[in-house]
Every structure is written in structure tokens, then in C-alpha cells.
Amino acid sequence: MISKDKHQKHVSLARPSLGDYGRIELGFLGTSCGIIQKMVHELILNLSSDYKMAYVDADHKEGDQLLAGEGNKDSLMQFPEVTELRDKIVFKRLDRRQENISVFEQREWLNNQELILINANHFKAKDQVLVIDPKKPMDKKLGKLTNVKLFLLQEGQTDIPDCIKGHFSNWEEIQVFKIGETNKILSFIKDFMKENQPELNGLVLIGGKSTRMNRDKANLTYHEKSQKEHVSELLKTYCKEVFLSCNAEQEAGFDNEQFIIKDKLIGMGPMGGLISAFMEKPDVAWLSVACDLPFLSQKTLDYLISNRNPSKLATSFLDSDSKFPEPLVTIWEPRAYPVLFRYLSQGYSCPRKVLINSDVALLHAPDKEEFKNVNDPATYEAVQKVLKKQ
């Protein structure tokens, strides 16, 4: 007997919204590659101080020469399966002689880049800018037009061709600029980036074992309610949703599982909690806060939120000694998700080490005293007395 039930062979995971190269892609097509390259150069010239940018294009000349045996004899790329990494002082260059590079590797290469511009004459892009160029009609290439966000009219072009109008039911809603209106195009991209900035969720880290306290620190009371409730309410001011990051034992004590994220990586501490949150919702940024910070206030969180830098892997404070990042009051951008796994794969489970060795925004806290944590009964009693006097 053959079962009609659908068998799922692999565990279902929430997949981030990615193109072939990254999360925010903008492809240009519809005109010559030379015009696209010139336009991209102008955009990067004006925008690279605001965003981390990448450009994806094709260049077949050297590859064709190598395949024909006519390439530079000194180039290591004449040897199959060779990789060359060169330090060029102000940049590093990685050349790989490999015919099939998967999209999974490409995404890893460009993970640090916030905005990826693409020559969409050659490659797919999540979102597109279509240049209406009478010299390059698109009537036989309409299949390439999947998600156009902007029309650019080439010189001499005054309207949108009928074939384009017929391809898009919403063509009248798409903005139209002339190709030489650089300032308008720059404003469009800045608005596009704002629209694509990841939403912020809150993550209250309560999954520790509390061995020195001898009871669950998340249930301690400093502000007339449990600390897990207090911190959750603090974060709700800034976050779309707030979740409690807990271990399996704690999960059993919750009636409503809607805002609970149970550790999927057992025994990994805060690193496991962060990764578990990204596994649930990979397209949001996570504001992680430890539950054992009774002095933490809105003043510090206001400062963190107002100084968030989405171009970085994370936005964090320096700790109370101003020596190292404080990983447990930190905004982690979506690009941190694969990076956290990368560190785990190399034997590191400390989120502070990730921050130390990554491109992050580091802030000086308005009040470093707010980072004092409570780990034992004596400190708990002392902190309660201090708070009652305030």
C-alpha cells in the first residue's frame, strides 16, 4: 500500500528573503553594459559613504583567453581549481578558478554588503531598475522583468513602450525619471534602502542556568514584576515583537508559547539563543538584552536605537570598563545570522568574540552603571536596597 501522506524528508526552516547575492539587490537592465557601468560608478561615488556596496557584473575577456590557452602565463588562474588570495594593502583580492560557484557561496562572499548593485543584463536581481532605451528594446526580453521599481528614460525617450505597459498591471505606479537625473535616482535609492531596513524584534535572554543565584534570575523582582516581564515591557517600546529566549525546562512553565523561542542549540548560552531567534525569523534585526540587568533603563535603550547602524553587523555598547563590546545589550542585523554560525563552525560560542572581530558600531553608554548584572543572592539583596532608595 502506498501512503498518500506527503513525507517531508528534511526539517523545515525559515528561509531568509535573499536573492542570488544578498538581501537588498538592485539590478539595472535595458541599455548597454557600458551605460550601466558608468551609471553604477556614479551611484557608488555618491552613496558608498552611506552604505556598504557591492557591484556584480560579467567580464569574459580573460576567461575566454584562458580557455583558449592564450591567457597570461604568469596568472595562477591558468590552473584549474586554484584559489589566489592577495593582500593589496587597501583591499584584498580573491580569484578562484572554479566553473561552478553556487549562490550559497556568493551570498557568503557578499554578506557584509548592505546594497548590491547588479548588471541585470547578465544576472538576476530581486529588484530592478529598467532603462527605456530605443536602441535596446525589451519586447523579446520581458521575462527578465520580474520586479521593476523604477523606470529611467534614455535621452530622446519620452514615454513607456506599450509592451512594457502590457507586462506590468501597475506600471503607472512605478516612478519615472530621466537617466541624467542623478539626484532623483540617488533619492530613490535612499528611500528604497529605508523601506528595506529590517524591522527590529526584541529578545530577552532568560535561558541561563542561574547556578550562582540558586533560582531562576528571570523570575526575580526589582520593579514590582518579574525581571523577564520588566525587560519585555522595556523592549516593546522599540520593537515590533518581543520574545523570551528560554531553555527546554523553562518552556514547560509557559502557557502561551506565541512569544517564546526555545533554544534549538543546546548548551550554547546566549549564542544559541541568538541563533535560535534568527532561525525563527531570519529577516529581522534582533535587539538582545540579558534578563539580569536591573539598572537598565529607557535612556540607554533610546541611545542604542537612535544610533543603530544597519550597515554594520551589529550596534553595541562598550562594556563598563570600555574595553570590549557588551554583547547582551546589542542590535544584531540579519547579516549576523550566518556569521554566528561561522564562528560556531570554527569552535567559538562567544558572541563577544564575534563583535570584537567583526565590523560593528560601538557606542559609549550614557551610564555604564546600567550594565551591572546580578548573579548571586547577596548582590540581589544589595541591588534591591539601592533601587528602593531611587
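Residues numbered from 1 in each chain as written. Predicted model: local features only at pLDDT ≥ 70, side-chain atom pairs only at ≥ 80, totals over all residues. Heavy atoms only, no water.

Moving on: the overall build of the protein. Helix and strand counts for the protein come out as 12 helices and 15 strands. Overall, the C-alpha framework of the protein stretches about 75 × 65 × 50 Å when taken along its three principal axes. Taken over 390 residues, the protein has a buried fraction of 43%. Contacts in the protein between residues far apart in sequence, at least 24 positions, make up 68% of those at least 6 positions apart. Counting only carbon and sulfur atoms, one obtains 48% of the accessible surface of the protein, whose full area is about 22,500 Å². Side chains of the protein carry 53 positive and 55 negative charges; the gap between the two charge centres is 2 Å. (Helix = DSSP H or I, 4+ residues; strand = E, 2+ residues; numbered from the N terminus. Buried < 20%, exposed > 50% of the residue type's maximum accessible area, 1.4 Å probe, protein only. Contact = heavy atoms within 4.5 Å. Areas by Shrake-Rupley, 256 points an atom, 1.4 Å probe, with all protein chains shown as cover. Lys, Arg positive; Asp, Glu negative; His and termini not counted. Charge placed at Lys NZ, Arg CZ, Asp CG, Glu CD.)

With that out of the way, let us pick up the sheet that holds strand 9 (residues 200-205). Taken together, the 7 strands give an open sheet; going across it, the order is 11-10-9-12-14-13-15, and neighbouring strands pair in mixed fashion. For this open sheet the edge positions go to strand 11 (260-262) and strand 15 (361-363), each flanked by a neighbour on one side alone. Taking the axes of each pair of neighbouring strands and ignoring which way they run, one obtains an average angle of 30° across the sheet. Relative to strand 10 (residues 242-246), strand 9 runs parallel, the two sharing 4 bridges. (Pairing = 2+ DSSP bridges. Axes fitted to C-alpha atoms, helices over the stretch in contact; angles between N-to-C directions.)

With 29 residues, the main nonpolar core has Val204, Ile206, Leu235, Leu287 and Val329 as its most contacted residues. Setting aside anything within four residues of it in sequence, one finds Leu287 in contact with Leu200, Asn201, Gly202, Leu203, Leu235, Cys239, Leu304, Ile305, Thr330 and Ile331. (Core = buried A, V, L, I, M, F, W, Y, C linked by side-chain atoms within 4.5 Å.)

Right, let's talk about the UniProt feature "binding site: Mg(2+)" (unreviewed entry) in the protein for a bit. Per the UniProt record, the feature "binding site: Mg(2+)" (unreviewed entry) sits at Asp292. Considering the arrangement of structural elements, one finds Asp292 in the loop between strand 12 (285-290) and helix 9 (298-306). Assessed through its relative accessible area of 10%, Asp292 is described here as buried. Those residues in contact with Asp292 that sit more than four places away from it in its chain are Lys217, Lys372, Asn373, Val374 and Asn375. At a separation of 2.9 Å, a polar atom in the side chain of Asp292 contacts the side chain of Lys217. (UniProt positions renumbered as here; feature names shortened; annotations may be inferred. Polar contact = N/O pair within 3.5 Å; in protein donor to acceptor, adjacent residues only side chain to side chain.)

This paragraph deals with the sheet that holds strand 5 (residues 115-119). The strand order across the open sheet formed by 6 strands is 2-5-1-6-7-8, and the pairing between neighbours is parallel. Both edges of this open sheet fall to strand 2 (53-56) and strand 8 (175-178), since each of them pairs with a single strand only. Across the sheet, the mean angle separating the axes of adjacent strands is 20° when strand polarity is ignored. Bridge count for strand 7 (residues 148-153) against strand 8 is 4 bridges, and the pairing is parallel. Paired with Phe151 across the bridge in strand 8 is Val176. Sheet strands touched by helix 1 (residues 33-47): strand 1 (25-29), strand 2, strand 5, strand 6 (127-132) and strand 7. Its angle to strand 2, the strand with the most contacts, is close to 175°. Running over the sheet, helix 5 (residues 182-195) touches strand 1, strand 5, strand 6, strand 7 and strand 8 and is turned about 145° from strand 8.

Our focus in this paragraph is helix 10 (residues 336-345). Among the residues making up helix 10, those that are buried are Ala336, Tyr337, Val339, Leu340, Tyr343 and Leu344. The secondary structure elements touched by the buried residues of helix 10 are helix 8 (269-280), strand 14 (325-332) and helix 11 (351-356). With its phi angle positive at about 95°, Gly347 sits one or two positions after the end of helix 10.

Attention shifts here to the environment of Gly71. Take Gly71: it is sitting in the loop between helix 2 (61-67) and strand 3 (83-87). In sequence terms Gly71 and Lys61 are 10 residues apart; their C-alpha atoms lie 9.5 Å from each other.

Here Ile89, not a glycine, exhibits a phi torsion of approximately 70°, which is positive. Within the fold, Ile89 resides in the loop between strand 3 and strand 4 (92-96). Ile89 sits in the exposed class, given a relative accessible area of 77%. Unlike most non-glycine residues, Glu224 shows phi in positive territory, near 65°. Overall, Glu224 belongs to the exposed group, its relative accessible area being 80%.

Our focus in this paragraph is the domain arrangement of the protein. Where interface size is given, it is often the accessible area lost as the parts come together that is meant. Once the domains are mapped, the protein shows domain 1 (25-196) and domain 2 (200-388). Taking only C-alpha atoms, the centre of domain 1 and the centre of domain 2 are 38 Å apart. Buried area between domain 1 and domain 2, both sides added, is near 630 Å², and the carbon and sulfur share of it is 31%. Taken together, the links from domain 1 to domain 2 amount to 2 salt bridges. Across the contact surface, domain 1 and domain 2 share 5 residue pairs in polar contact (both at pLDDT 80 or more). In the side of domain 1 that touches domain 2, the residues fall into 1 nonpolar, 3 polar and 4 charged. (Domains from an automatic or database assignment. Buried area = accessible area lost by both parts, 1.4 Å probe. Salt bridge = Lys/Arg side-chain N within 4 Å of Asp/Glu carboxyl O. Nonpolar A, V, L, I, M, F, W, Y, C, P; charged D, E, K, R; others polar.)

Note on helix geometry: an α-helix contains 3.6 residues per turn, so any two residues three or four positions apart are oriented the same way. Between the first and last C-alpha of helix 5 there are 20 Å, a value that for 14 residues agrees with the 20 Å anticipated at 1.5 Å per step. Residues of helix 5 that are buried: Ile185, Leu186, Phe188, Ile189, Phe192 and Met193. Looking down the long axis of helix 5, one finds its buried residues gathered within 155° of arc, a one-sided arrangement. More than 90 degrees from the buried face of helix 5, the exposed residues found are Asn183, Lys194 and Glu195. Packing partners of the buried residues in helix 5 comprise strand 1, helix 1, strand 5, strand 6, strand 7 and strand 8. (Expected span 1.5 Å × (residues − 1). Arc of directions from axis to C-beta.)

A word on the pairing of strand 3. Along any regular strand the residues' side chains alternate between the sheet's two faces. Of the pairings in the sheet, the one linking strand 3 to strand 4 comprises 5 bridges and is antiparallel in character. Each bridged residue has a counterpart across the sheet, and for Thr83 the counterpart in strand 4 is Arg96. In sequence, strand 3 turns back onto strand 4 through a hairpin of 4 residues, with Ile89 there showing a positive phi of about 70°.

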